[in-house]
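# Structural features, examined
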Amino acid sequence: MASAPRAPGYGDPMPLALEPHDQAMLSGDDGPAVMLAMRVIVRLAETMGAEALLDISGAHIDSCLYHGEAGLDFAQRLAGQGARVQVPATLNVSSLDLLHPELYRGDAHTRDQALALMAAYEEMGCRTTWTCAPYQLDDRPGFGDHIAWAESNAIVFANSVLGARTHRYGDFVDICCAITGRAPAAGLHLDENRQGEVAFDVSAIPGRLLSLDVAYPVIGHHLGRVAGSRLPVIVGLPEATSEDRLKAIGSAAASSGTVGMFHAVGSTPEAPTLDDAVGGRSVPVESISMEDLRNARDRLSTSSSNTLGAVSLGTPHYSVAELGRLVELLDGRRVDPGVHAYTSTGRDVAMEIGLRGWDSILAAAGVQIVTDTCTYITPILGDFEGVAMTDSAKWAYYAPGNMGIDVVFGSLEDCVESAVAGEVRRDHTVWSDA
Amino acid sequence: MPEVLRVVVAGDATGPVLALDEPLSFWGGFESETGTIIDQAHPQVGECLAGRVVTMTVGRGSSSASTVLAEAIRRGTAPAALVMTELDEIIALGAIVAEELYALTMPVVIVDEATMKAVAQAVSATLHSAGSITLVTEVS
């Protein structure tokens, strides 16, 4: 049997060295739930080539979204055997909007299973935040904190914008880390894996386009497709690009690719300069052209129909600032009665905008606020003819497959004008070369 | 007989090969009830992964892919095995947890690009738990 050459990073790693307490948990000293959790962490750590585990200060749990029996079996096994989180743990979106339960149009069995899953995570001591944007909560992680976050957009935001450290965790291990307080010392937890590996230069993109929100999800969508598994550095963005725009880049790139972290020189905390972002190494520089962005924009729409049935905003969950912009653009106008309009947000942000009186403004304008879930992961959208419009690259990417609908991507301005007009209206002039 | 660089989840498996032209997100791109690709933007939308040795360079997208893959393994609609060139922890987790919960094994291995190409061109493949792959290149 001929032996294959070993690729870099896939050699024989140092064995995983467990501390006495890790070993005790693995041996069942803290009960069967903790043992199962530690088994999953150890198997993942070995797969990643980790040499040790490390302490985490928080977790964000994606496993609370119902996708079938397997997820429920796992959660109920852990909760039933008495597992409790050892670090603060926030919960991602679920399949249900608990504050607006009448919006759910799915079958009763799935609803009951989803509720049982949510109850299991609550029983384990997780905070009932039900948001995919835990970085918009008051007590978010700080620079350098080791955390175990799942939910691809939250992972990339935590690493890139907060400078906290989480690997790209999937479902299951998120709660395992919360129960044990431990995570593999590998991947994006380590300095050497947080350096940029390829730079993307956006200097060729007109400043006029970069001054608009709509540029950012499209840049992110393109970035995810071309970066592959390399950690990207964006060069040429305006200094101190806003958190909401960085969120749009990250969520788009994590959907179209595997991006778990990016640097934006002059905006993200580990990238004051390109040299800092790449750790002083030399990396390839690729230029992003207007043609690239127009192609990326076009891939986000599945139809050229002007017949508008729905508008969905708030993926990832809108921030207070984004909701404020929506109120401003509506400017007292009403959505056309033939269009279903939704905006998703976290219940904490929903409470904040309620204090500002924006909830009644949105209700009067015909915009339904959705909390605790999202319109593309559970049946909420009403029956409609025509396309659904969104300002989210992530929603545009997933909704056609998940919901079996046609999607048109546009700016928030396009979405609002279209919703009011009752037909798709997009300003294409912002995508011209000069 | 090609060898794998790293065994992520060990096991024996055999099946016809399906070589994916682009990475697939199991969440949003795949239906665990039927084992088919539902990502409208994927070049192989409509293909069924169940029981096949699936080659895919790398995973993509959502953290929820772990749960969807575990659910497919539970239902018997998952691939027979996954052959990849890069480690994807989210996929690994789905396979690890399905094994822990249900004692059902879907092997996942990492191979180099030459091996990947050979597997992708084969008609069927057999993975051996010790870390080698037997390929059938022509229909007999």
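Report on the accompanying structure. Every chain is numbered independently, its residues counted from 1 as its sequence is written. Each chain is given a letter, starting from A, and each ligand a number, starting from 1, according to the order in which they appear as written. Totals for whole chains, interfaces and linings use every residue, but because this is a predicted model, local features are given only for residues with pLDDT of at least 70 and side-chain atom pairs only at 80 or more, for both listing and counting.

For the rest of this paragraph, the subject is the overall build of chain B. Numbering of helices and strands runs from the N terminus, with a helix taken as a DSSP run of H or I at least four residues long and a strand as a DSSP run of E at least two residues long. Each helix and strand in chain B was counted, giving four helices and nine strands. Helices (α) and strands (β) of chain B occur, in sequence order from the N terminus, as β-β-α-β-β-β-α-β-α-β-α-β-β. The size measure is the radius of gyration over C-alpha atoms, and the globule rule it meets is 2.2 Å times the number of residues to the 0.38 power. For 140 residues, the compact-globule estimate of 2.2 N^0.38 gives 14 Å, and chain B sits close to it at 13 Å. Here the C-alpha coordinates of chain B stretch approximately 35 × 35 × 25 Å along the principal axes. Burial is judged by counting the other C-beta atoms within 10 Å of a residue's own C-beta: 20 or more makes it buried, 12 or fewer makes it exposed, and any count in between marks it as partly exposed, with every C-beta position built from the backbone. Of all 140 residues assigned to chain B, the portion counted as buried reaches 53%. Put simply, of all contacts in chain B between residues at least 6 apart along the chain, 73% involve residues at least 24 apart. Note that contacts rest on C-beta atoms placed from the backbone: two residues are in contact if these are within 7 Å.

Time to look at the overall build of chain A. When helices and strands are tallied, chain A shows 16 helices and 14 strands. Its C-alpha atoms put chain A at 65 × 55 × 50 Å along the principal axes. Put simply, chain A has 434 residues, and 54% of those count as buried. Put simply, of all contacts in chain A between residues at least 6 apart along the chain, 79% involve residues at least 24 apart.

Residue and element names in this part refer to chain A. Two strands qualify as a pair provided that DSSP identifies no fewer than 2 bridges between them. Strand order in the open sheet formed by three strands is β3-β2-β4, with parallel pairing between adjacent strands. Bordering the open sheet on either side are β3 (89-91) and β4 (148-149), each of which pairs with just one other strand. Bridge count for strand β2 (residues 59-61) against β4 is two bridges, and the pairing is parallel. By the bridge assignment for β4, A59 is matched with A148.

With that settled, consider helix α13 (residues 347-355) of chain A. Residue and element names in this part refer to chain A. Of all the positions in α13, only V349, A350 and I353 are classed as buried. One side of α13 carries all its buried residues, which in axial view fall inside an arc of 105 degrees. In α13, the exposed residues that point more than 90 degrees away from the buried face are G354 and L355. Contact partners of the buried residues in α13: β10 (308-318), α12 (320-330), β11 (340-345), α14 (358-365) and β12 (367-371). Where α13 terminates, the next one or two residues include G357, which has phi positive at roughly 80 degrees. The arc in question is the one spanned by the directions pointing from the helix axis to the C-beta atoms.

Before going further, it helps to examine the interface of chain B and chain A. Listed per partner, the contact involves 41 residues of chain B and 43 residues of chain A. Put simply, the parts of the chain that give the side of chain B that touches chain A at least two residues each are β1 (6-9), α1 (26-29), α2 (65-75) and α3 (89-102) of chain B. For the side of chain B that touches chain A, the leading source of residues is α3 of chain B, giving nine residues. For the side of chain B that touches chain A, the residue count by class is 18 nonpolar, 13 polar and 10 charged. Put simply, Ala, Val, Leu, Ile, Met, Phe, Trp, Tyr, Cys and Pro go in the nonpolar bin, Asp, Glu, Lys and Arg in the charged bin, and everything else, Gly too, in the polar bin.

A separate point is the packing of helix α9 (residues 243-256) of chain A against helix α15 (residues 393-403) of chain A. Residue and element names in this part refer to chain A. With their axes 8 Å apart at the nearest point, α9 and α15 run at an angle of 30 degrees to one another. Relative to α15, the element α9 lies roughly parallel. Here S251, A252, S255 and S256 of α9 come into contact with α15, specifically with A393, K394, Y397 and Y398. When its residues are assigned to classes, the contact of α9 with α15 shows four nonpolar, three polar and one charged. Axes here refer to lines fitted to C-alpha atoms; in helices the fit is confined to the stretch in contact. Angles between the N-to-C directions go from 0 to 180 degrees. Note on angle classes: values under 35 degrees are labelled roughly parallel, values over 145 roughly antiparallel, values of 65 to 115 roughly perpendicular, and the remainder oblique.

Another aspect to go through is the nonpolar core. Joining buried Ala, Val, Leu, Ile, Met, Phe, Trp, Tyr and Cys residues through C-beta atoms within 7 Å gives a set, and that set is a nonpolar core. Formed by 191 residues in total, the largest nonpolar core has its most connected members in A37, I41 and L78 of chain A. The element best represented in this core is helix α2 (residues 32-48) of chain A, accounting for 11 residues.

Right, let's get into the sheet that holds strand β6 (residues 81-84) of chain B. Residues and elements named next belong to chain B. Ordered in space as β1-β7-β6-β5-β2-β8-β9, the seven strands form an open sheet in which the pairing is mixed. With partners counted over all chains shown, the strands left at the sheet margins are β1 and β9 (132-136), one partner each. Between one strand axis and the next, the sheet turns by 30 degrees as a mean value, whatever way the strands run. For strand β2 (residues 13-19) and strand β5 (residues 53-55), the ladder comprises three bridges, and the chain directions are parallel. Looking across to β5, one finds that V17 is bridged to V53.

For the bond from T315 of chain A to P316 of chain A, the omega torsion is -10 degrees, close enough to zero to count as cis. If you trace the backbone, P316 of chain A turns up in strand β10. Here D331 of chain A, not a glycine, exhibits a phi torsion of approximately 50 degrees, which is positive. Tracing the backbone through its elements, the reader meets D331 of chain A in the loop between α12 and β11. Of the residues examined, D331 of chain A has 9 C-beta atoms within 10 Å and is grouped as exposed. We note that A103 of chain B has phi near 55 degrees; this positive angle belongs to a residue other than glycine. You can see A103 of chain B is positioned in the loop between α3 and β7 (108-110). Assessed through the 7 C-beta atoms surrounding it within 10 Å, A103 of chain B is described here as exposed.

What follows concerns the packing of α2 of chain A against α3 of chain B. Packing of α2 of chain A against α3 of chain B leaves a shortest axis separation of 10 Å and a crossing angle of 140 degrees. If you check the angle between α2 of chain A and α3 of chain B, you find them oblique. By crossing handedness, the relation of α2 of chain A to α3 of chain B is classed as right-handed. Packed against α2 of chain A, whose contacting residues are L36, R39, V40, R43, L44, T47 and M48 of chain A, the element α3 of chain B presents E89, A92, L93, I96, V97 and E100 of chain B at the interface. Its residues placed into classes, the contact of α2 of chain A with α3 of chain B shows eight nonpolar, one polar and four charged. Here a crossing is called left-handed whenever its near helix is offset anticlockwise from the far helix by less than a right angle, and right-handed whenever the offset is clockwise.

Let us now look at α15 of chain A. Residue and element names in this part refer to chain A. Among the 11 residues that make up α15, 11 are buried, leaving the element largely enclosed by the rest of the structure. Those residues of α15 that sit buried are A393, K394, W395, A396, Y397, Y398, A399, P400, G401, N402 and M403. After α15 finishes, the residue G404 shows a positive phi value of roughly 65 degrees.

Purely geometric stuff here, so don't read any function into it on its own.
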